[in-house]
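Take a look at the letters that make up each chain.
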Amino acid sequence: MEQRRIGSSELQIPPFVLGGNVFGWTADEKESFNILDAYADAGFTCIDTADSYSKWVPGHTGGESETIIGNWLKKSGKRDQMVIITKVGSEISPTQKGLRKSYILKEAEASLKRLQTDYIDLYLVHYDDLSTPIEETLSTFAQLIEEGKVGWIGTSNMSADRIRESIEFSKKNDLPPYVCLEPEYNLYDRENYEKEYESLIKEYGLGVISYYSLASGFLTGKYKSKADLEGKQRGSTVEGYFNDRGIRIITALEEVAKEQQATPAQIALAWLKERPTITAPIASVSRQSQLDILKSADIHLSREAIQKLNEASAY
């Protein structure tokens, strides 16, 4: 299977990352194990999660996803084969948030314990904390790397200006720099990434692992109208995609999928992995049967197919 380096790090992954946001939410531990077993058996090696997953579920406090992944890593014995990405900085509660040194160190230890491992391959800022000096955050990450608890660092949901400022600070002060960005990016949500981040990515050689790669399920083509969204977990999010541009994108996806004997979801992910600056897209599944999206890693789109998708999704 093709392997891609994440930016300037030594981490190499296939062109698909499994999202762990559903573990403990729409997938219980048993089904999560089924998904993870099948994912690993297919030769894929990268899992994305966060300390805050899935705090939005009534009765949850965050850490549920990491706990399930940790239980699976212990049971399967496959820790050394996997690249684990987790994050810090999302607001879990009024007293659990931010990027202060004491908080990062505490959360890193909690994540390590839940994941049942002694190191995190790639540790990301989940959301920026403008009240904390860049120096404090980066020097804390440097400490974790020096202690062997973190391999590499990156960021998500941070402005391009703050990323640039952070990387330049690291260079000037001999601190480990961010090597990866995790932005929202998909066939529908293109404009912000392409206008604000893409030139920065090229300038610093950052790896890019995109989230919402299937636009909360809209790009799977399974929702044919707003009526299909009733009672769905992400219904309110997907509703905003139902407009003329969204329908054009779905139509183009279905046409290319028919040509490739693939599904719209596979084509949407294949389009992402063939974007020049993208290392791998993230997608999550709630059932093992949905892992047919892994076939996206083996799909190579023609120039004509890419042009059709680009034109349909133009903004």
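Provided above is the structure to which this section pertains.
I will try to describe carefully the structure that is included in this document.

**So, the overall build of the protein chain**
Looking only at helices and strands, the protein chain has 10 helices and 10 strands in total. The burial tally for the protein chain puts 56% of its 315 residues in the buried class. Long-range pairs, those at least 24 residues apart, make up 76% of the contacts in the protein chain between residues at least 6 apart in sequence. Within the protein chain, the 47 negative side-chain charges are centred at a point lying 2 Å from the centre of the 37 positive side-chain charges.

**Some remarks on the sheet that holds strand S5 (residues 83-88)**
Taken in spatial order, the 8 strands close into a barrel running S3-S4-S5-S6-S7-S8-S9-S10, and their pairing is parallel. The average angle at which neighbouring strand axes cross in this sheet is 30 degrees, direction not considered. Where strand S6 (residues 120-125) and strand S7 (residues 150-156) come together, 5 bridges link them in parallel fashion. Paired with valine 125 across the strands is threonine 155, a residue of S7.

**Digging into the side chain of glutamate 64**
Structurally, glutamate 64 is set in helix H2 (residues 64-76). Within polar-contact distance, the side chain of glutamate 64 engages the backbone nitrogen of threonine 61 at 2.9 Å. What glutamate 64 contacts, discounting residues up to four positions off in sequence, is Phe23, Tyr53, Ser54 and Lys55.

**Thoughts on the side chain of serine 313**
Among the structural elements, serine 313 can be located in the segment after helix H10 (303-312). Of note is the side chain of serine 313, whose polar atom sits 2.7 Å from the backbone oxygen of leucine 309. Setting aside its immediate chain neighbours within four residues, serine 313 contacts Leu187, Arg190, Arg245 and Ile249.

**Concerning the layout of surface pockets**
Counted as a void, the second largest pocket has a volume near 200 Å³. Contributing to the lining of the second largest pocket are 16 residues, with Pro183, Glu184, Asn192, Tyr193 and Tyr197 lying nearest its centre. Elements that contribute at least two residues to the lining of the second largest pocket include exactly strand S8 (178-182) and helix H6 (191-204). Counting residues per element, the lining of the second largest pocket draws most heavily on H6, at 4 residues.

**Some words on the packing of aromatic side chains**
The tally for this structure, following the rule as stated, stands at 13 aromatic pairs. The interplanar angle of 80 degrees and the centroid separation of 5.3 Å between the aromatic rings of tryptophan 25 and tryptophan 56 together place this pair among those described as edge-to-face. Of this pair, tryptophan 25 sits in the loop between strand S3 (17-19) and helix H1 (29-41) while tryptophan 56 sits in the loop between strand S4 (46-48) and H2, and the two are 31 residues apart along the sequence. In this structure tryptophan 25 comes out as partly exposed when scored by relative accessible area, which is 23%. Since its relative accessible area comes to 39%, tryptophan 56 is described here as partly exposed. Grouped by ring-pair contacts, the aromatic residues Tyr185, Tyr193, Tyr197 and Trp271 constitute a single cluster.

**Notes on the pairing of S8**
Across the 5 residues of S8, 5 count as buried, placing the element largely inside the fold. Pairing analysis gives 3 bridges linking S7 to S8, with the strands arranged parallel. Its bridge partner lying in S8, isoleucine 153 is registered against tyrosine 178. Read from S7 through helix H5 (residues 160-172) to S8, the crossover connection turns out right-handed. The pairing of S8 with strand S9 (residues 207-210) spans 2 bridges and is parallel. Following the sheet pairing, cysteine 180 is matched in S9 by glycine 207. Once the chain exits S8 it traverses H6 before rejoining the sheet at S9, and the crossover so formed is right-handed.

Criteria and thresholds
Residues numbered from 1 in each chain as written. Predicted model: local features only at pLDDT ≥ 70, side-chain atom pairs only at ≥ 80, totals over all residues. Heavy atoms only, no water. Helix = DSSP H or I, 4+ residues; strand = E, 2+ residues; numbered from the N terminus. Buried < 20%, exposed > 50% of the residue type's maximum accessible area, 1.4 Å probe, protein only. Contact = heavy atoms within 4.5 Å. Lys, Arg positive; Asp, Glu negative; His and termini not counted. Charge placed at Lys NZ, Arg CZ, Asp CG, Glu CD. Pairing = 2+ DSSP bridges. Axes fitted to C-alpha atoms, helices over the stretch in contact; angles between N-to-C directions. Polar contact = N/O pair within 3.5 Å; in protein donor to acceptor, adjacent residues only side chain to side chain. 1 Å grid on protein atoms, 1.4 Å probe; cavity = no way out; pocket = protein on both sides within 12 Å on 5 of 7 lines; lining within 4 Å. Points joined across faces, edges and corners; volume = space filled by probe spheres on them. Phe/Tyr/Trp six-rings, centres within 6.5 Å; stacked < 30°, edge-to-face > 60°. Right-handed = clockwise from strand over helix to strand, strands pointing away.

Shape is all these values report; function is a separate question.
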